[in-house]
Amino acid sequence: MNAYSQTKINHFAVYAKDLQESSKFYEEVVGLTTIEEPFKDGLHAWYDIGFGLSMHLIEREKPWKEPVIDKTNHLCFSVQDLDSFIEKLGRHNIPFEDAVDNKGKINIRPDGVRQIYIQDPNGYWIEINDEY
């Protein structure tokens, strides 16, 4: 690495207990678009998350080992219309809460950005905000 190079993010990976269930969640609820998956082994799904970045779902080898899950460690996606996103959560029977665990509540940051937290099928926390 030289003084003129900069490290940049390329992708992040999320381990999934059930790839099909997790894929359905990230496609239908979060709204991610699939991209070519080079392994073609049935254990991976790749998604475009914008700006040339990607998210990889990886079905973990059996037996499943429960990850340590905490709301502090979360993914965050921004949407243009948080209210419409919350309506979609209702259609999918997915609960949401604010940053301090109040069910069905929206958190408003000091800068005015509204945010909620949901969990994926594996229990991972995801922040959804309107800082689009």
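Each value, and the rule that gives it
- Residues numbered from 1 in each chain as written.
- Predicted model: local features only at pLDDT ≥ 70, side-chain atom pairs only at ≥ 80, totals over all residues.
- Heavy atoms only, no water.
- Helix = DSSP H or I, 4+ residues; strand = E, 2+ residues; numbered from the N terminus.
- Buried < 20%, exposed > 50% of the residue type's maximum accessible area, 1.4 Å probe, protein only.
- Contact = heavy atoms within 4.5 Å.
- Areas by Shrake-Rupley, 256 points an atom, 1.4 Å probe, with all protein chains shown as cover.
- Lys, Arg positive; Asp, Glu negative; His and termini not counted.
- Charge placed at Lys NZ, Arg CZ, Asp CG, Glu CD.
- Polar contact = N/O pair within 3.5 Å; in protein donor to acceptor, adjacent residues only side chain to side chain.
- Pairing = 2+ DSSP bridges.
- Axes fitted to C-alpha atoms, helices over the stretch in contact; angles between N-to-C directions.
- Phe/Tyr/Trp six-rings, centres within 6.5 Å; stacked < 30°, edge-to-face > 60°.
- Lys NZ or Arg CZ within 6 Å of the ring centre and 35° of its normal.
- Core = buried A, V, L, I, M, F, W, Y, C linked by side-chain atoms within 4.5 Å.
- Arc of directions from axis to C-beta.

Topic: the overall build of the protein chain
No. 1: Along the protein chain, the regular secondary structure elements total 2 helices and 8 strands.
No. 2: Helices and strands in the protein chain line up, N terminus first, as β-α-β-β-β-β-α-β-β-β.
No. 3: Here the protein chain, with 132 residues, has 39% of them falling under the buried criterion.
No. 4: A separation threshold of at least 6 residues defines the contact pool for the protein chain, and within that pool the share at least 24 residues apart is 55%.
No. 5: In the form shown here, the protein chain has an accessible surface area of approximately 8,700 Å², with 50% of it arising from carbon and sulfur atoms.
No. 6: Each charge sign in the protein chain was given a centre, from 14 positive and 23 negative side chains, and these centres are 2 Å apart.

Observations concerning the side chain of Asn129
No. 1: If you trace the backbone, Asn129 turns up in strand S8 (residues 125-129).
No. 2: Within the structure, the side chain of Asn129 is placed 2.6 Å from the side chain of Ser78, a separation counted as a polar contact.
No. 3: Beyond its immediate sequence surroundings of up to four residues, Asn129 is in contact with Cys76, Phe77, Ser78, Val79, Arg109, Val113, Arg114 and Gln115.

As for the sheet that holds strand S5 (residues 74-78)
No. 1: Spatially, the 4 strands line up as an open sheet ordered S5-S8-S7-S6, and their pairing is mixed. Two strands close off the open sheet at either side, each with one partner strand: S5 and strand S6 (107-108).
No. 2: Strand contacts of helix H2 (residues 82-91): strand S7 (114-119) and S8, with the helix running at about 20° to S7, the strand carrying the most contacts.

Some words on the pairing of S7
No. 1: Judged from the 2 bridges that link them, S6 and S7 form a sheet pairing that is antiparallel. Residue Ile108 lies in a different strand from S7, and its bridge partner there is Arg114.
No. 2: The turn joining S6 and S7, which pair antiparallel and follow one another in sequence, is formed by 5 residues; a positive phi near 90° is taken by Gly112.
No. 3: Both S7 and S8 contribute to a ladder of 5 bridges, which runs antiparallel.

A look at the packing of aromatic side chains
No. 1: According to the stated counting rule, one finds 2 aromatic pairs in the structure shown.
No. 2: Taken together, a centroid distance of 5.1 Å and an interplanar angle of 90° make the contact between Phe25 and Tyr26 edge-to-face.
No. 3: Measuring from ring centre to ring centre gives 6.2 Å for Phe39 and Trp46, while their planes differ by 70°; the resulting arrangement is edge-to-face.
No. 4: Over the face of the ring belonging to Tyr117 we find Lys71, whose NZ or CZ atom lies 5.1 Å from the ring centre.
No. 5: The ring of Trp125 has Lys71 lying over it, and the distance from NZ or CZ to the ring centre is 4.6 Å.

Observations concerning the nonpolar core
No. 1: Of all hydrophobic cores here, the largest spans 27 residues; its most connected members are Tyr26, Met55, Phe77, Ile116, Ile118 and Ile128.
No. 2: Where this core is concerned, the elements lending two or more residues are strand S1 (11-16), helix H1 (19-29), strand S3 (44-50), strand S4 (53-59), S5, H2, S7 and S8.

Overview of H2
No. 1: For H2, the complete set of buried residues consists of Leu82, Phe85, Ile86, Lys88 and Leu89. The arc that holds the buried residues of H2, viewed along the axis, is 155°, so those residues lie on one side. Within H2, the exposed residues directed more than 90 degrees away from the buried face are Glu87 and Arg91.
No. 2: With a side-chain oxygen lying 3.2 Å from the backbone nitrogen of Asp83, the N-terminal cap of H2 falls on Asp81.

Shape descriptors only; they carry no functional weight alone.
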